[in-house]
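Remarks on the overall topology
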Amino acid sequence: MRGASLRIGVDPDAPGAVEAFAGPAVVRLSRAVGLPRPWPDVHGLAVRWERDGRTESLLLSGTGTGTLSRFVLAPRRRVVDGPFTTLMPFRSPDGPVVIAARPSARPDGGIDVLLLSSRLRGPWSRWGVLRVDPPDGAATDDDVRFDPVLDCPSGLATYRWAAALRLPAYRHARRTVPHPGSLPS
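The following refers to the structure shown.

The rules we used
Residues numbered from 1 in each chain as written. Predicted model: local features only at pLDDT ≥ 70, side-chain atom pairs only at ≥ 80, totals over all residues. Heavy atoms only, no water. Salt bridge = Lys/Arg side-chain N within 4 Å of Asp/Glu carboxyl O. Helix = DSSP H or I, 4+ residues; strand = E, 2+ residues; numbered from the N terminus. Buried < 20%, exposed > 50% of the residue type's maximum accessible area, 1.4 Å probe, protein only. Contact = heavy atoms within 4.5 Å. Patch = residues over 30% accessible without salt bridge, like charges linked within 9 Å, V, L, I, M, F, W, Y side chains within 5 Å. Areas by Shrake-Rupley, 256 points an atom, 1.4 Å probe, with all protein chains shown as cover. Polar contact = N/O pair within 3.5 Å; in protein donor to acceptor, adjacent residues only side chain to side chain. Pairing = 2+ DSSP bridges. Core = buried A, V, L, I, M, F, W, Y, C linked by side-chain atoms within 4.5 Å.

1. Some points on the pattern of salt bridges
The tally for this structure, following the rule as stated, stands at 7 salt bridges. Residues Arg31 and Asp41 are paired through a salt bridge, measuring 3.8 Å at the closest nitrogen-oxygen approach. Of the two residues, Arg31 sits in strand β2 (residues 21–31) while Asp41 sits in the loop between β2 and β3 (43–51), which places them 10 residues apart along the sequence. Among the residues examined, Arg31 registers a relative accessible area of 15% and is labelled buried.

This is the structure:
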């Protein structure tokens, strides 16, 4: 778990633009399969923040950013070796929108992340920026939950079919760390 600063809603014309927010966030970087380094793995990037007392989350997985590759998992050796997307679109006033992240390593061990949005097959637009702190070795993430179904960013919603696909994966986490508005198992 790492601290971060998040700024979203930077371009009101971007697909799926949300109300502006700038503030602290927490980030979890993960390896999906858990293969030992230096083996490639599908990396995950989870971001969580609070806006007006409401938790919001984004979960992104290592993918490509092409018309088809934005929906295909892509193993890589390091988090900063390629882009991420939400894989499944959010419902927005602009129609279905996918969020992407392009990470780059900083010399201090932190990560700068450009957040992008796109319609299903369109070009990418700047959606926000995330500045991830260097690892400090002391943080634990056992009690922090990231839930893109119940805590999707304000102004976006999860499609029913996407929620149905994701809910089984999050049921265990909800039993471990209850969510105030969680769905029954």
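Still to come is the rest of the account.
2. What to know about the side chain of Thr55
Here Thr55 is to be found in strand β4 (residues 54–62). You can call Thr55 buried: its relative accessible area is 17%. The contacts of Thr55, once residues within four sequence positions are left out, are Arg48, Trp49, Glu50 and Asp151.

3. Some remarks on a nonpolar patch on the surface
On the surface, Val33, Leu35 and Trp39 cluster together into a nonpolar patch covering about 330 Å² of accessible area. Among the structural elements, Val33 can be located in the loop between β2 and β3.

4. Quick word on the side chain of Arg51
By secondary structure assignment, the location of Arg51 is in strand β3. Given the relative accessible area of 8%, Arg51 is considered buried. Here the side chain of Arg51 touches Ala20 through a polar contact of 3.4 Å, landing on its backbone oxygen. Beyond its immediate sequence surroundings of up to four residues, Arg51 is in contact with Ile8, Val18, Glu19, Ala20, Phe21, Glu56 and Ser154.

5. Remarks on the pairing of strand β9 (residues 125–132)
As paired elements, strand β1 (residues 2–8) and β9 share 5 bridges and run antiparallel to each other. Following the sheet pairing, Ser5 is matched in β9 by Arg131. Pairing between strand β8 (residues 111–119) and β9: 7 bridges, direction antiparallel. The residue of β9 that forms the bridge with Ile111 is Val132. The antiparallel pairing of β8 with β9 creates a hairpin that spans 5 residues between the two strands.

6. Examining the nonpolar core
In globular proteins that are soluble, nonpolar side chains generally tend to be buried together. If you look at the biggest cluster of nonpolar residues, it comprises 27 residues, and the most contacted ones within it are Leu6, Val47 and Leu130. For this core, the elements supplying multiple residues, two or more each, are β1, β2, β3, β4, β7 (95–105), β8 and β9. Apart from residues lying up to four places away in sequence, Leu6 is in contact with Phe21, Ala22, Gly23, Ala25, Val47, Trp49, Leu115, Val129 and Leu130.

Bear in mind that shape data such as this cannot, by itself, settle questions of function.
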